[in-house]
Amino acid sequence: MKTGLTKVVLAALLAALPLGASAQQKLKFAHVYETSEPYHIWALWAAGEIAKRTGNRYIMDVFPASSLGNETQINQSLSLGTVDVIYTGQAFAARTYPPLGIGGAPYMFRDFDHWKKYSESQVLQDLAEAYYKKGGNKPIAFVYYGVRHTTANKPIIKPEDMKGLKLRVPDAPLYIMYPKVVGANATPIAFAEVYLALQNNTVDAQENPLPTIFAKKFYEVQSHINLTGHITEMLITIVSGQLWSKLSDADKKVFQDVFREACAKATVEIAAAENRLVDEFATKYGKTVVKSDRAAFKQAFAKFLVGPDVAWDQALYDKVQAIK
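Predicted model only: the values in this text are computed from it and were never measured.

(A) Here's a closer look at the overall build of the protein. Scanning the protein for helices and strands turns up 13 helices and 9 strands. In terms of overall dimensions, the protein has C-alpha extents of about 90 × 45 × 30 Å along its principal axes. Across the 324 residues that make up the protein, the buried fraction comes to 52%. Of the contacts made within the protein by residues no fewer than 6 positions apart, 76% connect residues no fewer than 24 positions apart. Summed over all atoms, the accessible surface of the protein reaches about 14,500 Å², with 57% contributed by carbon and sulfur.

(B) Representation of the pattern of salt bridges. One pass over the full model with this rule turns up 13 salt bridges. Among the salt bridges present, the one from E49 reaches R53, with a minimum N-O distance of 2.9 Å. Within this pair, E49 and its partner R53 are both found in helix α2 (residues 38-53), separated by 4 residues, close to a single helical turn. Taking the relative accessible area as the measure of exposure, E49 reaches 11% and is therefore buried. Judged by its relative accessible area of 34%, R53 is partly exposed. The shortest N-O distance in the salt bridge between E120 and K116 comes to 2.5 Å. Exposure remark for E120: the relative accessible area of 53% places this residue in the exposed category.

(C) Looking closely at the packing of aromatic side chains. Per the stated rule, a full pass over the model turns up 24 aromatic pairs. Geometrically, the ring pair formed by F92 and Y175 is tilted, given 6.3 Å between the ring centres and 45° between the ring planes. Separated by 83 residues along the polypeptide, F92 in helix α4 (residues 90-93) and Y175 in helix α7 (residues 173-182) bring together distant segments of the chain. Both residues of the pair, F92 and Y175, belong to the buried class. The structure contains a cluster of three or more aromatic residues connected by ring pairs, namely F29, Y33, Y39, Y87, Y145, F191, F218 and F259. It is K216 that lies over the ring of F191; its NZ or CZ is 4.7 Å from the centre.

(D) Representation of unusual backbone geometry in the model. Although it is not a glycine, N56 adopts a positive phi angle of roughly 65°. The residue N56 is located in the loop between α2 and β2 (58-63) in this model. For K217, which is not glycine, the phi torsion reads 60° and is therefore positive. On the basis of relative accessible area, K217 is assigned to the partly exposed category, the value being 40%.

(E) Inspection of helix α3 (residues 71-80) at higher detail. Of all the positions in α3, only E71, I74, N75, S77 and L78 are classed as buried. Seen along its axis, α3 keeps its buried residues to an arc of 160°; they face one direction. Those residues of α3 that are buried lie in contact with β1 (25-30), β3 (85-89), α4 and β8 (224-239). The N-cap residue of α3 is N70: its side-chain oxygen and the backbone nitrogen of T72 are 3.1 Å apart. Phi for G81, located one or two positions after α3, is positive at around 80°.

(F) Quick look at the nonpolar core. Of all hydrophobic cores here, the largest spans 100 residues; its most connected members are M60, I102, M108, Y118, F255, F259 and W312. Per-element tally for this core: the top contributor is helix α11 (residues 249-283), with 12 residues. Ignoring anything within four residues of it in the chain, the contact list for Y118 reads Q90, I102, G103, F109, V123, L124, L127, M234, V320 and I323.

(G) Local environment of the environment of S67. Looking at the element boundaries, S67 is found in the loop between β2 and α3. Residue classification places S67 among the partly exposed residues on the basis of a relative accessible area of 46%. With 179 residues separating them in the primary sequence, S67 and K246 have C-alpha atoms 26 Å apart. A distance of 2.7 Å separates a polar side-chain atom of S67 from the backbone oxygen of P64.

(H) Representation of the side chain of H31. Along the chain, H31 falls in the loop between β1 and α2. Apart from residues no more than four positions distant in its own chain, H31 is found in contact with H40, V62, F63, P64, A65, S66, I74 and Y87.

(I) Focus on empty space enclosed by the protein. A complete count under the given rule lists 1 cavity of 30 Å³ or more for this structure. Estimates place the volume of the largest cavity at around 30 Å³. Taken together, A105, Y107, M108, F109, G229, H230, I231, T232 and R294 form the lining of the largest cavity.

(J) Structural context of the side chain of T187. Here T187 is to be found in strand β6 (residues 185-188). Overall, the relative accessible area of 19% leaves T187 in the buried class. In terms of polar contacts, T187 uses its side chain to reach the backbone carbonyl oxygen of N185, at 3.3 Å. Leave out the neighbours within four places in its chain, and T187 touches K166, L167, R168, V169 and V203.

About the thresholds
Residues numbered from 1 in each chain as written. Predicted model: local features only at pLDDT ≥ 70, side-chain atom pairs only at ≥ 80, totals over all residues. Heavy atoms only, no water. Helix = DSSP H or I, 4+ residues; strand = E, 2+ residues; numbered from the N terminus. Buried < 20%, exposed > 50% of the residue type's maximum accessible area, 1.4 Å probe, protein only. Contact = heavy atoms within 4.5 Å. Areas by Shrake-Rupley, 256 points an atom, 1.4 Å probe, with all protein chains shown as cover. Salt bridge = Lys/Arg side-chain N within 4 Å of Asp/Glu carboxyl O. Phe/Tyr/Trp six-rings, centres within 6.5 Å; stacked < 30°, edge-to-face > 60°. Lys NZ or Arg CZ within 6 Å of the ring centre and 35° of its normal. Arc of directions from axis to C-beta. Polar contact = N/O pair within 3.5 Å; in protein donor to acceptor, adjacent residues only side chain to side chain. Core = buried A, V, L, I, M, F, W, Y, C linked by side-chain atoms within 4.5 Å. 1 Å grid on protein atoms, 1.4 Å probe; cavity = no way out; pocket = protein on both sides within 12 Å on 5 of 7 lines; lining within 4 Å. Points joined across faces, edges and corners; volume = space filled by probe spheres on them.

If you want it as structure tokens, here you go:
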């Protein structure tokens, strides 16, 4: 009788083991941005909220500033399942599903309002779903990264002013399109190495939104902030397919809700910082802020935004432009 009872107790303990083991899962969230930036601050908030809303079943550690690799590497890690969540730019996600890159094309959006409506549109939801079907990783939220501008040690007013400039860009096709069209020399360099490359004159210029130029201190090694406004950029929060497939429907909703809230709050902060920094770079940091001829730049890119060299068709381009 005692032996039978022991067997029952052992069986009960063994049955409980997997539950205990899966009761708390540690997750890794990787990104390339500084700890001072809203993306990181709101990622920490999201990690706390996910723990709270899942009763501590999911504990997420956030790894900022390329500590788990550059953007290409963290995208690969996502597919390998060695990281669970990342922020990534559209151009990097577009390596898996190229049409998703349309939102990162130069002069695609009229203004912030156009971008905001696109970020909430069915057009983007359909692209995100196609990305998920193609690569297995799940985009769950979109955050404003800002309008990309060009810093250099000279004024850039017209497209011709960029001829021959060694311009650091991220290593993805749509970023490379920007210098290529205006006759600059595209120089892909990992994000973490850009400050040194500017300081050593390995490159002459770089392009990023104003909050990023500030956070990464690029203004310390560049004299002119040129408001080229060439790309209205977003980051995509993507969950690895390996994690997403294990989540219950209720937990999927928690992840989506939390990250959408975090992204909405970061978007507000980034937009406010952009407005503030235009003045601050001039008055507080002594930089020359140049209002580039955005209409001339836009004209230079018009013929490149549809056609054989881009990964989307006229119909998708028209859908994005029709968003009001």
